[in-house]
Amino acid sequence: MPKHAVVLLSGGMDSCVCAALAARDHEAAALHISYGQRTEARELQSFHAICDRLRIRTRMAVRNEVLKAIGGSALTDENIAVPESRTLGHGIPVTYVPFRNAHFLSAAVSWAEVLGATKIYIGAVEQDSSGYPDCRPAYYEAFNRVIGAGTREGKIEVVTPLISMRKAEIVRLGLELGAPLDLTWSCYSREDRACGVCDSCTLRLRAFQDAGAIDPLPYAALTEVV
Ligand SMILES: [Zn+2]
């Protein structure tokens with residue numbers, strides 16, 4: 001019997017492909033954390049649908065109240081608009097949620113200790129991404145040192161199988177693995193149809209186009225993909 005591995009599954013494309021990898025190689029335990037983001041209901045729906053399709057039975061969906069209370073991000077503060085894609089590539093965007101991934105990883109490490117899991121999968125991507133500082137390899141290397149120093153046995157490791165992949169490669173890998181990309185949700189601003197113009201929609205549409213594949217999601221407007 002393969003050992004448990006915890007996978008952080010937001011419901012987006014990258015985390016879905018990451019979960020498909022984790023489920024292929026381990027008894028996956030999926031963790032979803034809502035944090036008061038605009039599309040939290042839609043993402044939670046995607047989380048359960050993806051788990052069902054990947055046959056991940058061990059799952060936990062919890063809520064982090066801290067990030068919304070602190071705000072400071074377009075995803076958690078209604079007064080900060082979600083920008084359109086023209087802002088991509090100009091520093092750290094306002095959709096960055098301050099130190100969010102540390103909250104998520106900390107919860108995943110706690111759960112991994114209890115489950116006896118030694119790996120935590122996270123679908124962080126450095127290239128082709130929005131430029132968030134908590135998606136850099138150095139951050140995960142440092143986090144692993146924190147885990148080593150701060151857990152009972154010190155044997156849990158965060159793995160980032162997608163971190164150096166291009167987004168189009170992630171689409172191709174997802175298709176190869178049979179990852180349920182049709183059940184994912186990436187849009188930052190809408191829950192009915194994807195907006196097609198936020199950073200996340202733009203990166204996703206470009207990835208499918210570069211992979212020569214059709215994005216199965218419904219879009220309200222198609223951004224100009226360059
Ligand atoms: Zn969008």
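Refer to the structure presented above.
Rules and cut-offs
- Residues numbered from 1 in each chain as written.
- Predicted model: local features only at pLDDT ≥ 70, side-chain atom pairs only at ≥ 80, totals over all residues.
- Heavy atoms only, no water.
- Buried < 20%, exposed > 50% of the residue type's maximum accessible area, 1.4 Å probe, protein only.
- Helix = DSSP H or I, 4+ residues; strand = E, 2+ residues; numbered from the N terminus.
- Right-handed = clockwise from strand over helix to strand, strands pointing away.
- Pairing = 2+ DSSP bridges.
- Axes fitted to C-alpha atoms, helices over the stretch in contact; angles between N-to-C directions.
- Parallel < 35°, antiparallel > 145°, perpendicular 65-115°, else oblique.
- Left-handed = near helix turned anticlockwise from the far one by under 90°.
- Contact = heavy atoms within 4.5 Å.
- Nonpolar A, V, L, I, M, F, W, Y, C, P; charged D, E, K, R; others polar.
- Donors = N, O, S within 2.8 Å, 3.2 Å for Na, K, Ca; no water.

Draft legend 1. Structural detail: the pairing of strand β1 (residues 4-8). Among the five residues of β1, four are classified as buried, and the element is accordingly described as predominantly covered. The β-α-β motif built from β1, the intervening helix α1 (residues 13-25) and the parallel element strand β2 (residues 27-34) has right-handed crossover chirality. Across three bridges, the pairing between β1 and strand β4 (residues 119-121) is parallel. Residue valine 6 lies in a different strand from β4, and its bridge partner there is isoleucine 120.

Draft legend 2. Broad picture of the packing of helix α6 (residues 167-177) against helix α7 (residues 199-211). At a closest axis distance of 8 Å, the pairing of α6 and α7 adopts a crossing angle of 70°. Judged by the angle between their axes, α6 and α7 are roughly perpendicular. Once α6 is placed against α7, the crossing between them reads as right-handed. Of α7, the residues touching α6 (which contributes Lys167, Ala168, Val171 and Arg172) are Leu203, Ala207, Phe208, Asp210 and Ala211. Here the contact of α6 with α7 is composed, by residue class, of six nonpolar, no polar and three charged.

Draft legend 3. Here's a closer look at the coordination of the zinc ion. Donor atoms from the polypeptide that bind the zinc ion are Cys187 (SG), Cys195 (SG), Cys198 (SG) and Cys201 (SG), placed at 2.3 to 2.4 Å. Positions of the donor residues of the zinc ion, expressed as sequence spacing, correspond to C-x7-C-x2-C-x2-C. Like cysteine 195, cysteine 187 is buried.

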